[in-house]
Amino acid sequence: MLLEVKDLNVSYGKIRAIKGISLEVNAGEVVTLIGANGAGKTTLLKTISGILSPSSGEITYDGKPLESIKPFERVNEGICQAPEGRGIFPGMTVLENLEMGKFGRKPSKEETEQDLEKMFGLFPRLRERSSQMGGTLSGGVQQMLAICRALMSRPRLLLLDEPSMGLAPKFIAQIFEIIGEIKKQGVTILLVEQNAAKALAIADRAYVLATGNITTQGTGK
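The structure displayed is predicted, hence computed values, not measured ones. (Residues numbered from 1 in each chain as written. Predicted model: local features only at pLDDT ≥ 70, side-chain atom pairs only at ≥ 80, totals over all residues. Heavy atoms only, no water.)

**Q** How do you make sense of the sheet that holds strand β1 (residues 3-12) when you look at a structure like this?
**A** Two strands in a sheet stick together by hydrogen bonds in their backbones, pointing the same way (parallel) or opposite ways (antiparallel). Read from one edge of the open sheet, four strands run β2-β1-β4-β5, paired in antiparallel fashion. Of all strands in the sheet, those bounded by a partner on one side alone are β2 (15-25) and β5 (64-65). Where β1 meets strand β4 (residues 56-61), five bridges bridge the pair, whose relative direction is antiparallel. When the bridges of β4 are listed, Asn-9 appears paired with Ser-56. Sheet contacts for helix α1 (residues 41-49): β1, β2 and β4; angle to β1, the most-contacted strand, approximately 110°. (Pairing = 2+ DSSP bridges. Helix = DSSP H or I, 4+ residues; strand = E, 2+ residues; numbered from the N terminus. Contact = heavy atoms within 4.5 Å. Axes fitted to C-alpha atoms, helices over the stretch in contact; angles between N-to-C directions.)

**Q** Is there a simple way to explain a nonpolar patch on the surface in this structure?
**A** A contiguous nonpolar surface patch, about 300 Å² in accessible area, is contributed by Phe-89, Met-100 and Phe-103. Within the secondary structure layout, Phe-89 lies in the loop between β6 (79-82) and α3 (94-100). Residue Phe-89 is classed as partly exposed on the basis of its relative accessible area, which comes to 34%. (Patch = residues over 30% accessible without salt bridge, like charges linked within 9 Å, V, L, I, M, F, W, Y side chains within 5 Å. Areas by Shrake-Rupley, 256 points an atom, 1.4 Å probe, with all protein chains shown as cover. Salt bridge = Lys/Arg side-chain N within 4 Å of Asp/Glu carboxyl O. Buried < 20%, exposed > 50% of the residue type's maximum accessible area, 1.4 Å probe, protein only.)

**Q** Mind showing me how you'd approach the packing of aromatic side chains here?
**A** To describe a pair of aromatic rings, you give the distance between the ring centres and the angle between the ring planes. Summed over the entire model, instances satisfying the criterion amount to zero aromatic pairs. Here the basic side chain of Lys-106 rests over the ring of Phe-103, its NZ or CZ set 5.7 Å away from the ring centre. (Phe/Tyr/Trp six-rings, centres within 6.5 Å; stacked < 30°, edge-to-face > 60°. Lys NZ or Arg CZ within 6 Å of the ring centre and 35° of its normal.)

**Q** Whenever I open this one, the side chain of Thr-60 confuses me. Can you help?
**A** In this structure, Thr-60 sits in strand β4. Overall, Thr-60 belongs to the buried group, its relative accessible area being 14%. Leave out the neighbours within four places in its chain, and Thr-60 touches Leu-2, Leu-3, Glu-4 and Pro-65.

**Q** What's the story with the sheet that holds strand β10 (residues 213-219) in this structure? I'm lost.
**A** Pairing is mixed across the open sheet formed by six strands, whose spatial order is β6-β7-β8-β3-β9-β10. Two strands lie at the open edges of the sheet, namely β6 and β10, each paired on one side alone. Neighbouring strand axes in the sheet, compared pairwise and without regard to direction, differ in orientation by 15° on average. As judged from the four bridges shared by strand β3 (residues 30-34) and strand β9 (residues 205-210), these two strands associate in the parallel manner. Opposite Val-31, over in β9, you have Arg-205 as the bridge partner. Running at roughly 150° to strand β7 (residues 157-161), α1 makes contact with β3, β6, β7, β8 (188-192) and β9 of the sheet. The sheet contacts of helix α6 (residues 139-151) involve β6 and β7, and relative to β6 the element is tilted by about 170°.

**Q** Even after reading the chapter, I still don't get the nonpolar core, so can you show me in this structure?
**A** Grouped together as the largest cluster of nonpolar side chains are 39 residues, with contacts concentrated most on Leu-126, Ile-182 and Ile-189. Counting residues per element, this core draws most heavily on α6, at eight residues. Excluding residues within four positions of it along the chain, Ile-182 makes contact with Leu-122, Ile-147, Leu-151, Leu-158, Val-187 and Ile-189. Leu-23, Val-31, Leu-44 and Leu-157 belong to the second largest nonpolar core, which has 26 residues in total. (Core = buried A, V, L, I, M, F, W, Y, C linked by side-chain atoms within 4.5 Å.)

**Q** Before we go on, may I ask you to explain the state of the cysteines in this structure?
**A** Tallied over the entire structure, the rule returns zero disulfides. Residue Cys-80 stays outside any disulfide, its sulfur separated by 12 Å from that of Cys-148, the closest cysteine. The buried category is assigned to Cys-80, whose relative accessible area is 11%. (Disulfide = S-S within 2.5 Å.)

Have a look at this one:
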């Protein structure tokens, strides 16, 4: 098991956003979390990333408790998140955004070039726009960039938060096709998504969240 969440509780002040949930993600899986706005999906991903701290419960990654591991150290351990809303750097070029993804690894020039070629292979549009400022890209290309920036850290566990949000159907189809390709490359994926049909079609297993609780779980099928 790569990731295990046990009896996790997360609060914003007096509001309990996550209420004692438990889940697991095995190496090589795509596990999806689906649910309405406010269900707690993004809160869970931010807690796994270390951006939020739980009030109680435990998150274990590769057999190691994450409680004392800082967010940037979690990236170095192999956990990386492509956030909701993309979160790219608008004043940087596509290439500079991608290079920010490798910041903690300090790879060699040769490794960086290999990783960039892999990203451009996944999304050829990024090669075409490599010198374009991130803030001038369309929403679909920004999402491609956000995913590839996360992949530049060479994660073992990729957290994807609403990758299809606000995108045209042609981009949605492409994003989910690439998620399947990323899985084939051996990356484990925890996917938060409101497009339930697309998410469940690609998922090995799924959890349904409602107001901070897991209400249903099972195979994607």
